[in-house]
Amino acid sequence: MIKVNSFCYFCSMPLFITSLNSGSNGNCYYIGNNHEAVLIDAGISCRETEKRMKRLGLSMHIVKAIFVSHEHSDHVTGIPGISKKYQLPVYITADTLKSSNIPIEKHLVHSFNGYEPITIGALLITAFPKFHDASDPHSFMVSGNNINIGVFTDIGSACPHVTTHFKQCHAAFLESNYCEDMLVNGSYPEFLKKRISGDNGHLSNAQALELFLRHKNKKLNHLILSHLSKNNNSMKLVGDIFNAHAGSTKIIVASRYKETPVFCIDELYKPSAAKKNSKSSQAQLSLF
Ligand SMILES: [Zn+2]
Ligand SMILES: [Zn+2]
C-alpha cells in the first residue's frame, strides 16, 4: 500500500481524468498520473479506445490495468481486445466474469474484494458494492497523491457506500441517467421504466443533484455527469440543472459519442486557474 502522506518527489503531481465514452452504448473512464493509469470499464472497442486516447495525447502504454464494475455489455465489450493486445491485468470479480461471458486470457484475470484497496504504481483503487441489476456490481474510487476520484455510474440508489465515498472526492464521474418526466411520459414499456427507475436501475437527474448538493465536500472541483440516457435525457438539460447549483465545482457533461477533454485534478483547485491548469496538463500529456 502506498503511503500518500510520506515525502515523495511526485506528491505535487495531479491526476488526469477523462471519459472516453459514457452511456448505454459504452463506458470507459481513464484515471492516471504521469506514470500510470487505469481504465474503469472498457465498453468501447480497442480501436476506438486507442483512437480517442491518441486524440487526447494519452498513451495506452501507461495504462496498467482495467477494473470492471459489472457485466453489462456497455462496460465490458472492449475488454477482450484491449487486455489481449496490451497484456493488461483485468480486475473483475468471479461472479462478474462468469456473467459477462467474455474471453479474457487466464493469466490476466485478477479478482478483487470490496473495501480491499489494490495498488497500481502510485494509484490506489478501492472497490465497493453498489445497487444495480447485475451479479456483483461495484463502484470505484481511485486515489493518488492525496487526490480521490470516484466513478459512480449504474447505481439504482445513492446508498451509504456511495455517499461515504462521494464525500471524499476531488472529482467524480456521477451518473445522471434520466429526467423523470421524460421517462414517465416517454415511449418505453412499463417494465423498462420500472427497471430504470427502480432501486437496482439508474440514478435520475434529481437523485444525482440531491447527492451532489447533500454530500459534496468543498474540495470537489470537477463533477462529470455521466451515463446519460439517449431517449430520456439531454446534455443541455443536465448542464443547466447542475450549473445552476455548481458553486465552485466545474460541471462537465460526458457525451455518449465522444471523449471529454482531459481534466487535471489538483488537490488545491482554484476555479479561476482552471484554464491555466488545463493548458499545463496538455503540455505534460504530450510528453507521454
Ligand atoms: Zn451501463
Ligand atoms: Zn449496467
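Before any of the text, the structure's been laid out above.
The notes below deal with the structure included here. (Residues numbered from 1 in each chain as written. Chains lettered and ligands numbered in written order. Predicted model: local features only at pLDDT ≥ 70, side-chain atom pairs only at ≥ 80, totals over all residues. Heavy atoms only, no water.)

It is worth spelling out the packing of aromatic side chains at this point. Counting across every chain of the model gives eight aromatic pairs. Plain terms: the ring middles of Phe67 and Phe140 are 5.7 Å apart, the flat faces sit at 70 degrees to each other, and that makes the pair edge-to-face. Of this pair, Phe67 sits in strand β4 (residues 63-67) while Phe140 is found in strand β9 (residues 138-144), placing the two residues 73 residues apart along the sequence. Judged by its relative accessible area of 1%, Phe67 is buried. A centroid spacing of 6.3 Å and a plane angle of 40 degrees characterise the contact between Tyr115 and Phe128, whose relative ring orientation is tilted. In this pair, Tyr115 is assigned in the loop between β6 (109-110) and β7 (118-120) and Phe128 in strand β8 (residues 123-129), connecting sequence segments 13 residues apart. A residue is classified by how much of its surface remains accessible, and Tyr115, at 44% relative accessible area, is partly exposed. (Phe/Tyr/Trp six-rings, centres within 6.5 Å; stacked < 30°, edge-to-face > 60°. Helix = DSSP H or I, 4+ residues; strand = E, 2+ residues; numbered from the N terminus. Buried < 20%, exposed > 50% of the residue type's maximum accessible area, 1.4 Å probe, protein only.)

The subject of this paragraph is the sheet that holds β8. With mixed pairing, seven strands are arranged side by side in an open sheet as β7-β8-β9-β10-β11-β12-β13. Looking at strand neighbours, the two that pair on one side only are β7 and β13 (250-253), the edges of this open sheet. Strand-to-strand twist of the sheet, defined as the mean angle between neighbouring strand axes without regard to direction, takes the value 20 degrees. With six bridges joining them, β8 and β9 adopt antiparallel strand pairing. The partner of Ala127 across the bridge, within β9, is Phe140. Helix α9 (residues 235-243) rests against β12 (222-226) and β13 of the sheet, and its axis sits at about 165 degrees to β13. (Pairing = 2+ DSSP bridges. Axes fitted to C-alpha atoms, helices over the stretch in contact; angles between N-to-C directions. Contact = heavy atoms within 4.5 Å.)

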